[in-house]
Amino acid sequence: VRRARYAVTKVMEFCYGHRLLNHPGKCRHLHGHNGIVEIDIEADTLDALGMVVDFSEIKQKIQGWIDDNLDHKLLLCSQDPLVSFLQQMGESLYVTNENPTAENIARLIYHEARKQGFKVSEVRLWENSTSCATYSE
Ligand SMILES: [Zn+2]
């Protein structure tokens, strides 16, 4: 028996800076990205309006969280020695438990969207126009 499956995708943009601890190349230096995140949300059945979920609800809640927590922030690993210094200087950081790679940022957004109750199936984070990291469970 084939099961119906619907999905919607919302695309959102945000800017962030980061650096990667222990990276052998240039990613160990502070730099920034204009990231594009694509969130897939799925459903077996549609709601009374005929939707998986209202796009405006995704924008309001998930984009709202990204705007408040990640946009124009420096994403640094908790083990990064810059964290305490930049916090003292009043910089706005988002501190991650692991290296703030595109993969880990995609996972962070996936879990946040799940926490908000969205039935997320996959999150893709485009770090630039040619590099994309995907997270799903
Ligand atoms: Zn980078």
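Anything mentioned here points back to the structure above.
Residue positions are given per chain, counting from 1 as you read along its sequence in written order. Reporting of local features is limited, given that this is a predicted model, to residues whose pLDDT is at least 70; pairs of side-chain atoms are given and counted only at 80 or more, and all residues count toward the totals for whole chains, interfaces and linings. Only hydrogens and water are set aside; all other atoms, that is, all heavy atoms of the structure, feed into the side-chain values.

1. Points about the packing of aromatic side chains
Convention followed: Ring pairs are drawn from Phe, Tyr and Trp, using the six-membered ring of Trp, whenever the two centres fall within 6.5 Å, and their geometry is named by plane angle: stacked under 30 degrees, edge-to-face over 60, tilted for the rest. Counting from the N terminus, the helices are the DSSP runs of H or I reaching at least four residues and the strands are the DSSP runs of E reaching at least two. Relative accessibility under 20% of the residue-type maximum defines a buried residue, over 50% an exposed one, and the middle range a partly exposed one, all with a 1.4 Å probe and only protein chains included.
As enumerated under the stated definition, the model contains three aromatic pairs in all. When the centroid spacing of 5.1 Å and the interplanar angle of 80 degrees are considered together, the rings of Tyr 110 and Tyr 135 count as edge-to-face. Placement of Tyr 110 in helix 3 (residues 102–115) and of Tyr 135 in strand 6 (residues 131–135) is noted, with a sequence separation of 25 residues between them. Of the residues examined, Tyr 110 reaches a relative accessible area of 2% and is grouped as buried.

2. Considering helix 3
Defined as follows: Given the number of residues in a helix, its expected span is that number minus one, multiplied by 1.5 Å. Whether two residues touch is decided by their heavy atoms; if any such pair falls within 4.5 Å, the residues are in contact.
Here helix 3 spans 20 Å end to end across 14 residues, near enough to the 20 Å set by a 1.5 Å rise per residue. Of the surrounding elements, those touching the buried residues of helix 3 are strand 1 (6–18), strand 2 (31–43), helix 1 (55–69), strand 3 (73–77), strand 5 (120–128) and strand 6. A positive backbone phi angle near 100 degrees is found at Gly 117, which sits one or two residues after helix 3.

3. So, unusual backbone geometry
With a phi close to 70 degrees, Asn 22 is a non-glycine residue in the positive phi region. One can find Asn 22 in the loop between strand 1 and strand 2. Positive phi outside glycine occurs at His 72, with the angle close to 60 degrees. Mapping His 72 onto the fold places it in the loop between helix 1 and strand 3.

4. Quick word on helix 1
Applied cut-off: Two axes are fitted around each residue, one to the seven residues ending there and one to the seven starting there, and the angle between them is reported as the bend at that residue.
The terminal C-alpha atoms of helix 1 lie 20 Å apart, and with 15 residues this matches the ideal 21 Å at 1.5 Å per residue to within 8%. The sharpest bend along helix 1 measures roughly 30 degrees and falls at Gln 63. Among the residues of helix 1, Ile 58, Ile 62, Gln 63, Trp 65 and Ile 66 are the ones counted as buried.

5. Description of the nonpolar core
What counts, and what does not: Throughout, nonpolar core names a set of buried Ala, Val, Leu, Ile, Met, Phe, Trp, Tyr and Cys residues whose side chains join them through atoms within 4.5 Å.
The biggest cluster of nonpolar side chains holds 29 residues, and the ones touching the most others in it are Phe 14, Val 37, Ile 39, Ile 41, Ile 62 and Ile 109. Of all elements in the fold, only strand 1, strand 2, helix 1, helix 3, strand 5 and strand 6 reach the threshold of two or more residues within this core. When residues of this core are assigned to their parent elements, the largest contribution, six residues, is made by helix 3. Not counting residues within four places of it along the chain, the set of residues in contact with Ile 39 comprises Val 8, Thr 9, Lys 10, Met 12, Ile 62, Ile 109, Val 120, Glu 122 and Val 123.

6. A short note on the side chain of Lys 10
Definition in use: Charge counting treats Lys and Arg as positive and Asp and Glu as negative, with His and both chain ends excluded. Salt bridges are defined as contacts in which a side-chain nitrogen from Lys or Arg sits within 4 Å of a carboxyl oxygen from Asp or Glu.
Among the structural elements, Lys 10 can be located in strand 1. Among buried charged residues, Lys 10 stands out as having no salt bridge; its nearest opposite-charge side chain is Asp 54, 8.1 Å away. The residues contacting Lys 10, other than those within four sequence positions of it, are Val 37, Glu 38, Ile 39, Phe 55, Ile 58 and Lys 59.

7. Observations regarding the pattern of salt bridges
If you walk through the whole model with that rule in mind, you get nine salt bridges. Note that Glu 57 and Lys 61 form a salt bridge whose closest N and O atoms lie 3.0 Å from each other. Here the residue Glu 57 and the residue Lys 61 both occupy positions in helix 1, the gap between them amounting to four residues, near one helical turn. Under the relative-accessibility criterion, Lys 61 is labelled partly exposed at 35%. The salt bridge partner of Arg 124 is Glu 122, with a shortest N-O separation of 2.8 Å. Judged by its relative accessible area of 15%, Arg 124 is buried.

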